[in-house]
Protein chains: 2
Amino acid sequence: MTSLVRSVSESTVRRLSLYLRTLERLQAEGAETVASGDLADRAGTTAAQVRKDLSSFGSFGTRGLGYRVGPLHARIREILGLTRPWRVVLVGAGRIGSALFAYPHFRERGFRIEAILDSDPAKIGGVWEGVTIQSAAHLEQVLARAEAEILILAVPAGAAQELAERAAAAGVRGILNFAPVRLRLPDEVEVNNVNLAVELEALSHALVLAEVQG
Amino acid sequence: MTSLVRSVSESTVRRLSLYLRTLERLQAEGAETVASGDLADRAGTTAAQVRKDLSSFGSFGTRGLGYRVGPLHARIREILGLTRPWRVVLVGAGRIGSALFAYPHFRERGFRIEAILDSDPAKIGGVWEGVTIQSAAHLEQVLARAEAEILILAVPAGAAQELAERAAAAGVRGILNFAPVRLRLPDEVEVNNVNLAVELEALSHALVLAEVQG
DNA sequence: GATTGTGAATTATTTCACAGCT
DNA sequence: AGCTGTGAAATAATTCACAATC
């Protein structure tokens, strides 16, 4: 069987996600086709970049016309692994956890938060939209019962490594980590780090640079 | 006057932010010096990368010994523009806004949220830790009174462009944008986008790839 | 006439490897 | 002996430019 999903670079993958959202807007606008230049403008890149990205998985644009919005959308969903739902467990029922749980774009894309865990007794037993917050002590059982594939880690830095290790041992395949620490885990566990301080600090660096350079 | 801040690549800047946090942990552990290899392990990169990153702004490691933790920390703070406070206004008092407002790492690094805005009448007038949520209709006045330099945009996609334009016109210099849209703004406004759907989709892509490749 | 697909050229980033300090 | 600083080499990502196609 030939793979439907070829290896593409990390930066291409991130742009594909942007294209996907753009294509959804185009669909809502009733567009049938889109040219690379138009897609690039809307997604914030260049026409050549769009074409390179799309050609990397043997694309099917039409010369003179552009790409058909529907089929391209379907193909990118496939590449990104969004054609089936993902079972997700959220660890950390603080503010970030709450924001992620309610983030509409996650559910739209098929990321199903099956369970919520926290270690704060004041939070355990609480209910969010029908989902009861359980004790993080039961991480392994919860992951097993949910057959969770993805863990969203939204806990303080000090708690992240231990929880991540336990989740990895329990068979979780990917972790989206919001704790500002580098997780040390077996290679087969995919980790994607989101560090909000990095984002703000990159901005502040850009601002001082702009000051100095006029 | 020679600039204290040289141009370094975007990826270097992001790693510097990681090194900064690592150095803070080392300081807390009482370490006086750190070798590039150790810093690399803790920050999740390589020794050569660390040395290249640090040498790009004329660093002052000691051969045979490593880098002195305190001075290196101070130098990176300088590079990242963290030696002075930043005046920040938060737009969007939803769940993401709430998480960001309470995120301790922002305040620790001198990002001061001076005002909170929202357009939902149910939220306006609410108070978060002494800060009253004001109407987004008054964006310009609030930005002027706060002399805000940075805007954190945590609003729905549909509202982001208009608010960003108004903030740019009112003189904001940088925007940390959580809305999943590409903002079109004058070049002098720095924009850093955080797109949570992209992060999760990059993870799901990695997982399907791992499945296919064994 | 418009727009893709893609090799080639360019630019950026990472890794190597080792001379040079302490 | 240990570790930095850095040119050189290798690799990766982006941009160019144009023939191929509709």
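Residues numbered from 1 in each chain as written. Chains lettered and ligands numbered in written order. Predicted model: local features only at pLDDT ≥ 70, side-chain atom pairs only at ≥ 80, totals over all residues. Heavy atoms only, no water.

(A) Molecular detail of the interface of chain B and chain A. Each side of the interface is counted separately: chain B has 70 residues, and chain A has 70 residues. Considering only the surface of chain B that becomes buried against chain A, R95, L200 and E201 of chain B emerge as the three largest contributors, covering 11% of it. Run the count over chain B and chain A and you get eight salt bridges. For the salt bridge of E211 of chain B with R84 of chain A, the shortest nitrogen-to-oxygen distance reads 2.4 Å. Seen at the junction of chain B and chain A, the total is 28 residue pairs in polar contact (both at pLDDT 80 or more). Listing elements by their share of the side of chain B that touches chain A, those giving two or more residues are α1 (10-28), α2 (36-43), α5 (95-102), α6 (104-108), β7 (150-153), β8 (174-177), β9 (190-193) and α9 (196-213) of chain B. Tallying contributions element by element places α9 of chain B first for the side of chain B that touches chain A, with 18 residues. Looking at side-chain class alone, the side of chain B that touches chain A contains 38 nonpolar, 14 polar and 18 charged residues. (Contact = heavy atoms within 4.5 Å. Buried area = accessible area lost by both parts, 1.4 Å probe. Salt bridge = Lys/Arg side-chain N within 4 Å of Asp/Glu carboxyl O. Polar contact = N/O pair within 3.5 Å; in protein donor to acceptor, adjacent residues only side chain to side chain. Helix = DSSP H or I, 4+ residues; strand = E, 2+ residues; numbered from the N terminus. Nonpolar A, V, L, I, M, F, W, Y, C, P; charged D, E, K, R; others polar.)

(B) Spatial organisation of helix α7 (residues 139-146) of chain B. Residues and elements named next belong to chain B. Among the residues of α7, L139, V142, L143 and A146 are the ones counted as buried. The buried side chains of α7 occupy one side of the element, clustering within an arc of 100 degrees when seen end-on. Exposed positions of α7 whose direction lies more than 90 degrees from the buried face are A144 and R145. Considering only its buried residues, α7 is in contact with β3 (86-91), β4 (111-118), β6 (131-135), β7 and α8 (157-169). Note on α7: the residue one or two positions beyond its end, E147, has a positive phi of about 50 degrees. (Buried < 20%, exposed > 50% of the residue type's maximum accessible area, 1.4 Å probe, protein only. Arc of directions from axis to C-beta.)

(C) Quick look at the pairing of strand β4 (residues 111-118) of chain A. Residues and elements named next belong to chain A. Extensive coverage of β4 is indicated by the burial of six of its eight residues. Of the pairings in the sheet, the one linking strand β3 (residues 86-91) to β4 comprises six bridges and is parallel in character. By the bridge assignment, W86 is partnered in β4 with F111. Across three bridges, β4 lies against strand β6 (residues 131-135) in parallel orientation. When the sheet's bridge partners are listed, D118 is paired in β6 with S135. (Pairing = 2+ DSSP bridges.)

(D) Focus on the sheet that holds β3 of chain B. Residues and elements named next belong to chain B. Within the open sheet, the seven strands sit side by side as β5-β6-β4-β3-β7-β8-β9. Their pairing is mixed. The open sheet terminates on both sides in strands that have one partner only, identified here as β5 (127-128) and β9. In the packing of α7 onto the sheet, the strands contacted are β3, β4, β6 and β7, and the crossing angle to β3 comes to about 160 degrees. (Axes fitted to C-alpha atoms, helices over the stretch in contact; angles between N-to-C directions.)

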